[in-house]
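Results of the structural survey
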Amino acid sequence: NAGVMQNPRHLVRRRGQEARLRCSPMKGHSHVYWYRQLPEEGLKFMVYLQKENIIDESGMPKERFSAEFPKEGPSILRIQQVVRGDSAAYFCASSLTSTSSYEQYFGPGTRLTVT
Amino acid sequence: GDSVTQMEGPVTLSEEAFLTINCTYTATGYPSLFWYVQYPGEGLQLLLKATKADDKGSNKGFEATYRKETTSFHLEKGSVQVSDSAVYFCALNNNNDMRFGAGTRLTVKP
């Protein structure tokens, strides 16, 4: 059973470009979460999605950031007009259910560098 | 809101030393508690978990006990190895709201 997959692993963008980060959850998981990790810091929740629905986007910046989890295909985190402050590691996690006792399984992350 | 506070690092130990990384939490209700480990350049891996008070999670020689009276979930290992060098994150999940501590970097020297 493949784990959570993210691609690309590394992404370099110039200021003003768009960044698209993809996440395929574990087989059978329908709950997807995105987190951002700044250097030497913990993870900050961004958004929680189920298929075709955004359940909680309380951690998403109000502008330039969007996320989707379509019926078919991976979840996408999209950052428009990137700025240097967007440089970070972005992790996707998935879970089998939304029950608190179930752990989230993490992907290897996408490291975004904005030059 | 809910939060997790864990011992600041970095922590440097010699091989076979005893490890404790403190973690306390603030939450309403009955969260589940987790320890995750992150090796360089990788994502987080679940190390252990406990879903109710007095539960003890254990894995690979690591242990942590869910103490509701002290709102703590301290991570312990009796004898660390060089391969345990990583960043350790304490986390809670309360009604599907996951919160992480800032992480504690552990370095084990031979």
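I will try to describe carefully the structure that is included in this document.

Calculation criteria
Residues numbered from 1 in each chain as written. Chains lettered and ligands numbered in written order. Predicted model: local features only at pLDDT ≥ 70, side-chain atom pairs only at ≥ 80, totals over all residues. Heavy atoms only, no water. Helix = DSSP H or I, 4+ residues; strand = E, 2+ residues; numbered from the N terminus. Buried < 20%, exposed > 50% of the residue type's maximum accessible area, 1.4 Å probe, protein only. Polar contact = N/O pair within 3.5 Å; in protein donor to acceptor, adjacent residues only side chain to side chain. Contact = heavy atoms within 4.5 Å. Pairing = 2+ DSSP bridges. Axes fitted to C-alpha atoms, helices over the stretch in contact; angles between N-to-C directions. Phe/Tyr/Trp six-rings, centres within 6.5 Å; stacked < 30°, edge-to-face > 60°. Salt bridge = Lys/Arg side-chain N within 4 Å of Asp/Glu carboxyl O. Disulfide = S-S within 2.5 Å.

Looking now at the side chain of S94(A). Residues and elements named next belong to chain A. Structurally, S94 is set in strand β9 (residues 88-95). A relative accessible area of 0% places S94 in the buried class. A polar side-chain atom of S94 sits 2.8 Å from a polar atom in the side chain of H29. When near neighbours in sequence (up to four residues on either side) are disregarded, S94 contacts V4, P25, M26, H29, H31, V32, Y33, E103, Q104 and Y105.

Right, let's get into the sheet that holds strand β3 (residues 19-21) of chain B. Pairing between the strands of a sheet is mediated by backbone hydrogen bonds and can be parallel or antiparallel. Residues and elements named next belong to chain B. Across the sheet, which stays open at both edges, the 4 strands sit in the order β3-β9-β8-β7 with antiparallel pairing between neighbours. In the strand order of this sheet, the two ends are held by β3 and β7 (56-59), each with one partner. Looking at each pair of strands side by side, their axes are set apart by 15 degrees on average, direction ignored. Across 4 bridges, the pairing between β7 and strand β8 (residues 62-65) is antiparallel. Bridging from a neighbouring strand, G57 pairs with A64 of β8.

Our focus in this paragraph is the pairing of strand β1 (residues 3-6) of chain B. All names here are of chain B. Burial along β1 is one-sided: V4 and Q6 are buried, while S3 and T5, pointing the other way, are not. Inspection of the sheet shows β1 paired to strand β4 (residues 23-26) by 4 bridges, in the antiparallel sense. Note on β4: the bridge partner recorded for S3 is T26.

Taken as a whole and judged by the stated rule, the model has 10 aromatic pairs over all chains. Measuring from centroid to centroid gives 5.9 Å for F106(A) and F100(B), while their planes differ by 80 degrees, and the two rings are edge-to-face. Here F100(B) lies in strand β11 (residues 97-100) and F106(A) lies in strand β10 (residues 105-106), a pairing that spans two chains. Since its relative accessible area comes to 10%, F100(B) is described here as buried. A network of ring pairs unites the aromatic residues Y35(A), F45(A), F106(A), F34(B), Y36(B) and F100(B) as a single cluster.

It is worth spelling out the pairing of strand β10 (residues 86-94) of chain B at this point. All names here are of chain B. Among the 9 residues of β10, 9 are classified as buried, and the element is accordingly described as predominantly covered. The side-chain alternation of β10 yields two buried faces, one formed by A86, Y88, C90, L92 and N94 and the other by V87, F89, A91 and N93. Inspection of the sheet shows strand β5 (residues 32-38) paired to β10 by 7 bridges, in the antiparallel sense. Following the sheet pairing, L33 is matched in β10 by L92. Sheet analysis places β10 next to strand β12 (residues 104-109), joined by 3 bridges and oriented antiparallel.

In this section: the environment of V114(A). Residue and element names in this part refer to chain A. Of note, V114 is situated in strand β11 (residues 110-114). Sequence-wise, V114 and G16 are 98 residues apart; in three dimensions their C-alpha atoms are separated by 9.1 Å. With residues near it in sequence (within four places) discarded, V114 still touches R13, R14, R15, V82, V83, R84, D86 and S87.

This part is about the pattern of salt bridges. Residues and elements named next belong to chain A. A complete count under the given rule lists 8 salt bridges over all chains for this structure. Close ionic contact of E18 with R78 constitutes a salt bridge, the shortest N to O distance being 2.9 Å. Placement of the pair is E18 in the loop between β2 (10-13) and β3 (19-24) and R78 in strand β8 (residues 75-79), with a sequence separation of 60 residues. Among the residues examined, R78 registers a relative accessible area of 28% and is labelled partly exposed.

Another aspect to go through is the state of the cysteines. Residue and element names in this part refer to chain A. Counted according to the given criterion, the structure contains 2 disulfides over all chains. The disulfide partner of C23 is C92, and the S-S distance across this bridge is 1.8 Å. Residues C23 and C92 are joined by a disulfide whose S-S torsion is about -50 degrees; by sign, that bridge is left-handed. Residue C23 is located in strand β3, and its partner C92 is located in strand β9; the two are separated by 69 residues in the primary sequence.

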